[in-house]
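# Chains, contacts and geometry: an overview
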Amino acid sequence: MSGLSFDSVLVTLALKCYASQLFQGLEKHMFYIFKLSVIVCFPPEDQVKVHAIVTYSTDEKYDIVMIRRGNSEPFHLTSVGSEPEVWDGEESDESDDILYCFTLPPATRKIMYAVVTLQESNELTVIPTNWLNEHKTQCYWPPFKTPEKCLDVIKNKLEPAKGIHSWELLNIVCHWEHDTYKLFKEIPEVVSEQVERMYAAVTLQESKELTVIPTNWLNENKTQCHWPPFKTPEKCLDVIKNRLEPARGINAWKQLHMVFHGEYAAYKQAKEKCEAVGEQMEWPSTSLGCFEKQKTINPIHTALTSQSTQTFGVKRKRDDESTDISWQSLLITDMDEKKKPKQIMDEINVKVQAIQDTDPTITIIKTHILDAISKMNEDTRKKETIGIFGRTGEGKSSLLNAVLGDQFLLPSGGCGACTAVITQVEANLNDSNYIAEIDLISKEEWDEEFALSNEVEENQLTEMTKERITALFGAEAEEKSLEELKRDDRYKEIFNDLSTGKKIISSSDPSAFASNVVCYLENSVANPGGCYWPLVKSVTIKIPNCRELLEHIVLIDLPGTGDCNKIRDDLWKTKIRECSAVWIVSDIKRAITDRDPWGILDHCIEDLGPGGECKHINFICTKTDDMKPAEYLRSVRLTEAQISGQGLDVKTKCILHRNDLAQKTIKLKLQSTKSEESKERFITDVFTVSSTAFFDQELHLKNVETEIPKLRDILINRNKTINQKLTGDYINEAKGILSLLQSVQLDKDKNMTKARILKDLQTDLEKNLKLLDDHFEGLYEKLKKCLLKGVEESVRSCVKTTQDMLSSVRPKCNRGFHRIFRAMCCRGGFYWPRNWNAPLDLNKCLSKHMYDSINKEFVLMFPVDDIDKTEKSMQDKLDKFSIILPTTPMLYPIHIFIQTQENKLKASLSRVIVEKKKEIYLTIYAVIEWKMAPGYKKASEVKGEGSMQRMEKAIMETIDELKVQMFNEAKVEMLEMFNNLKLHIMKTLESELKTSVNHSLSQICKFNLLDVSREIQELEKLSAAV
């Protein structure tokens, strides 16, 4: 042992002793001793056990690094007390041995080399530590050209030259430091795994700036980023390149909305991506290229017939525009990430089926494994819903057409109630056809609709009924009575179709498809008759070749306000509660002053928040290209010279000026109109779009200025995030199943018996279920206290609140209000007149005080977003629930299996909580609606002179008579539903986890069912990549 100090010998012996104790349970292993390090060699089938040992049983004072996987090249390592030698693994029984290296931490040994990435060239290399600057963000680099000379000065740790002939300073990312050169120089792939993605290219939405940020500044969904408080560009650039960790807590950095473009290992790569995106912002960046602008040719037809472009709705790019394939590459990567784990599990499925064994235990395990694999492919999670709504004629359908890339897919520009039909748009992932699923009303629903609409005596048709009859039968039908219409053969023919309940239209030709569907969506005033929208509840349109936009998202074009249709009113309220995001659409000329969009927002805020699952509200100003410059300049009291935009024509300058002004004004109004609770609850943003200019290049707006690409990017990024989440969940579930297959041998350890493990797990399950029950009981008591307060206030104030509400909506002359009031009573307390910006909703008025009393606590108990979870939430209590015990390496497969089953179960129950909380919240409204039904019926039957006063009196008497009972029943019903949810969670956890524990312990036996160590290792790599 010449050349080593006595201390060094002791250190090496200590490492050898420590490694021997650590791996004494392995049947096959070898040690190789080196200066200040020990290498352990073991066969690949022991990988899971060794991983457990390294993860759970190591002393923090040692560094342990896996330095080889499989058939890699041999290592050149210096052995203690001998000349340099090559160890090629020939002494091992297996050529696929895996090595772990035990070394002293940096504080104990002398650090001489560092593994770094040169940022400019993205090269991974080893340099002497004396080349690093103080902060390890830069390094000196020698001027030598030949690789031999460079390698020589690195190995000899030549001191960098300073002064006149000083070496060049390069920006670096420092990954690792060590005391030897060879150890890390021979295994760059280990370091490469740790580099991964370090910088992101993004666009800051508010300021429209393209920039590079460290990936540790991104939020989980990559929709927001932290931003430092520094002012000078030098300081900002410094913290970006050095990847400074964002400050949190009291002095937390501000969070900015942004559009994510990609992740890269080096700053320079991310910067180049920003430059590429900047060049292409003349036209929209899409997943598979840039849209072509066409004036008369259908973009879908162009996309489908082009040999070079297979993407839906692709537009021609300008001559000076380069094609962006980054999203295409990204999608291919996403698809690969999903395919690889599925391929692994398909192969395992085949291997398990091939097992021939009559042992009862093996048969049970085999059946369970096959069943678990088959269920992995049954993804029952619903898609996310984005609701698009606003008044008829505001451009909702045109907006959808632009986002989808087809100018003529959905009808737009019609009159009357042409958009009263709920239109749901999603991806057709099965074939290349355009499909419309048309959900029709029943004959009974049609008759009921007529009964509700005909409020005038003597069988006269109301204006709304006339509109529907005219749409179906033509202008001449308006002069006929209802009974005359029923005797018409066309009436019988049309309503025979209603017995089918649903109609399907399918075509591979987008033009033919649009022509066939339009009569179910559009009302033609110029040519009435043959328009079937009055018979339609909703239409679902499935579009091919738009996986990148709509694979996991559904867009819903909700009807314009004042539809006056009870069936669609009910469907409208249901769909609103399903929205995870909402786009409120308004013509830019009326967006600020028009009451409609703000009335919608105010009316729906509870259905979107505590009663729904909405996270984002986007306000979209449409028709920005509709501009008369002279009028606009007069209205803002400016001259053309006072508006910025050098080189632009006056119309374009005015459009951009109005867009900027509208965005700022609406953002201020959103902040001032939202309550404190809703400010915290929703993320809001404002967009100014032109669907027409997106397709028509003669309007002189760049595509980025139409802001359609921004909306597309929202969909693309959200789809990508959902894909990553689904892939990660699939991989984790696969790891759990494979862990069940990885057998353990407890018989060798007398302290580890099946009965003892089962008892420990069951005890822990009971203990944690009791803790969870106590937490839920605390939430129950808080809710009960709030409800009691709400009942007291409702009983005391409901009559006056109702009177005040009616006074606020009643016209001064009282003219025609009796018809609106009767219509409300006929529809169970809810009616939305066509010319009103919000509905007349008596049930909501009566439930106001109860909702006011619970809203604040309810939002804390049931957040819809993970980032909003607090200790007061039901989901937080569920997340912290676990029966996983501190485990030994021998139990590692059991640990992994139970943990994956636990995580899958908790994720499923979290989704149940979000769904059930909507039902719980709706309980108060539903009970009031049900209790008030007799009063509404009684009031609706009042007719003749003075009917308004008598109807109002009947309603007020009903409220006064029922108020104590009604509000107390609402309280009891809500608490009962909360308790039912609690019991469902508790019973599901207990039942499913007991089953999982039994399955995991049934695998404890003296033989391997199947060796899946390689598959587990591959899934670990995929999990890290995702």
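Look a little higher up for the structure.
Residues numbered from 1 in each chain as written. Predicted model: local features only at pLDDT ≥ 70, side-chain atom pairs only at ≥ 80, totals over all residues. Heavy atoms only, no water.

So, on to the packing of aromatic side chains. Summed over the entire model, instances satisfying the criterion amount to 16 aromatic pairs. For the pair Phe 230 and Trp 253, a centre-to-centre distance of 6.4 Å together with 80° between the ring planes defines the contact as edge-to-face. You can see Phe 230 sitting in the loop between β13 (224-227) and α6 (233-241) and its partner Trp 253 sitting in the loop between α6 and β14 (254-264), a full 23 residues away along the chain. Classification of Phe 230 as partly exposed rests on a relative accessible area of 29%. Among the residues examined, Trp 253 registers a relative accessible area of 9% and is labelled buried. (Phe/Tyr/Trp six-rings, centres within 6.5 Å; stacked < 30°, edge-to-face > 60°. Helix = DSSP H or I, 4+ residues; strand = E, 2+ residues; numbered from the N terminus. Buried < 20%, exposed > 50% of the residue type's maximum accessible area, 1.4 Å probe, protein only.)

Let's shift gears to unusual backbone geometry. Positive phi values are uncommon outside glycine, yet Asn 545 reaches one of about 60°. The residue Asn 545 is located in the loop between β21 (536-543) and α17 (547-550) in this model. Since its relative accessible area comes to 30%, Asn 545 is described here as partly exposed. The phi dihedral of Lys 623 falls on the positive side, at around 55°, and the residue is not glycine. Accessibility expressed as a relative area gives 31% for Lys 623, which makes it partly exposed.

Our focus in this paragraph is the sheet that holds strand β7 (residues 113-118). Spatial strand order, β8-β7-β10-β9: four strands in an open sheet with antiparallel pairing. Because the sheet does not close on itself, it has two edges, and the strands there are β8 (123-128) and β9 (138-141). When strand polarity is set aside, the average angle formed by the axes of neighbouring strands in this sheet is 50°. In the sheet, β9 pairs with strand β10 (residues 168-178) via four bridges, with the strands oriented antiparallel. Paired with Gln 138 across the two strands is Asn 171, which belongs to β10. Across the sheet, helix α3 (residues 147-155) touches β7 and β8, and the angle it forms with β8 is around 50°. (Pairing = 2+ DSSP bridges. Axes fitted to C-alpha atoms, helices over the stretch in contact; angles between N-to-C directions. Contact = heavy atoms within 4.5 Å.)

All chains considered together, the criterion is met by 35 salt bridges. With a shortest N-O distance of 3.3 Å, Lys 375 and Asp 371 are connected by a salt bridge. With a gap of four residues between them, Lys 375 and Asp 371 both fall in helix α10 (residues 360-376), about one helical turn apart. In this structure, the salt-bridge partner of Asp 660 is Lys 664, at a minimum N-O distance of 3.2 Å. Of this pair, Asp 660 and Lys 664 are both found in helix α21 (residues 650-673), four residues apart, which corresponds to roughly one turn of the helix. (Salt bridge = Lys/Arg side-chain N within 4 Å of Asp/Glu carboxyl O.)

So, about the environment of Pro 228. By the element assignment, Pro 228 lies in the loop between β13 and α6. With 12 residues separating them along the chain, Pro 228 and Ile 240 place their C-alpha atoms 9.3 Å apart. Leaving out residues up to four positions away in the same chain, Pro 228 has contacts with Trp 217, Val 239 and Trp 253.

As a packed pair, helix α25 (residues 708-741) and helix α32 (residues 1013-1025) sit with axes 10 Å apart at the nearest point and diverge in direction by 160°. Classified by the angle their axes make, α25 and α32 are roughly antiparallel. Between α25 and α32 the crossing geometry is left-handed. Of the residues in α32, those touching α25 at Ile 731, Asn 732, Ala 734, Lys 735, Leu 738 and Ser 739 are Glu 1015, Ile 1016, Leu 1019, Glu 1020, Leu 1022 and Ser 1023. In terms of residue class, the contact of α25 with α32 is made up of six nonpolar, three polar and three charged. (Parallel < 35°, antiparallel > 145°, perpendicular 65-115°, else oblique. Left-handed = near helix turned anticlockwise from the far one by under 90°. Nonpolar A, V, L, I, M, F, W, Y, C, P; charged D, E, K, R; others polar.)

Another aspect to go through is the pairing of strand β22 (residues 553-557). Burial analysis of β22 places five of its five residues in the buried class, which makes it a mostly covered element. Residue alternation in β22 divides its side chains into two sets, Ile 553, Leu 555 and Asp 557 and Val 554 and Ile 556, and both sets are buried. Of the strand pairs in this sheet, strand β17 (residues 384-389) and β22 are connected by five bridges, and their pairing is parallel. Its bridge partner being in β22, Ile 386 is matched across the sheet by Leu 555. Examined bridge by bridge, strand β18 (residues 422-427) and β22 share three bridges and lie antiparallel to one another. By the bridge assignment, Val 425 is partnered in β22 with Leu 555.

Core analysis: the biggest nonpolar cluster contains 122 residues, and Ile 854, Ile 985 and Leu 989 have the highest contact counts within it. Considering every element that reaches this core, the biggest residue donor is helix α31 (residues 947-1002), with 20 residues. Setting aside residues up to four positions removed in sequence, Ile 854 forms contacts with Leu 783, Cys 786, Leu 787, Tyr 921, Ile 924 and Met 974. Core analysis: the next-biggest nonpolar cluster, separate from the first, contains 57 residues, Ala 402, Ala 436, Tyr 491 and Ile 494 among them. (Core = buried A, V, L, I, M, F, W, Y, C linked by side-chain atoms within 4.5 Å.)

Turning our eyes to something else, we now look at helix α28 (residues 842-861). The end-to-end C-alpha separation of α28 is 27 Å, in line with the 28 Å expected for 20 residues at 1.5 Å each. Most pronounced at Lys 848, the bend in α28 amounts to some 50°. Backbone nitrogen of Asn 843 and a side-chain oxygen of the N-cap are separated by 3.3 Å at the start of α28; the cap is Asp 841. (Expected span 1.5 Å × (residues − 1). Bend = angle between axes of the 7 residues up to and from the residue. Polar contact = N/O pair within 3.5 Å; in protein donor to acceptor, adjacent residues only side chain to side chain.)

To continue, consider the environment of Leu 661. Inspection of the secondary structure puts Leu 661 in helix α21. The residues touching Leu 661, leaving out its near neighbours within four places in the chain, are Tyr 632 and Val 636.

Here we take up the environment of Ser 432. Considering the arrangement of structural elements, one finds Ser 432 in the loop between β18 and β19 (434-440). Residues Ser 432 and Asn 545, 113 residues apart in the sequence, show an inter-C-alpha distance of 7.0 Å. When sequence neighbours within four positions are dropped, the list of residues in contact with Ser 432 reads Ser 508 and Pro 544.

Here we come to the sheet that holds β14. Strand pairing in a sheet relies on backbone hydrogen bonds, with the paired strands running either antiparallel or parallel. Ordered in space as β12-β11-β14-β13, the four strands form an open sheet in which the pairing is antiparallel. Looking at strand neighbours, the two that pair on one side only are β12 (209-214) and β13, the edges of this open sheet. Within this sheet the neighbouring strands show an average axis-to-axis angle of 50°, counted without direction. Note: β13 against β14, four bridges, orientation antiparallel. Among the inter-strand pairings, His 226 is bridged to a residue of β14, identified as Gln 255. Packing against the sheet, α6 makes contact with β11 (199-204) and β12, and its axis sits at approximately 50° to β12.

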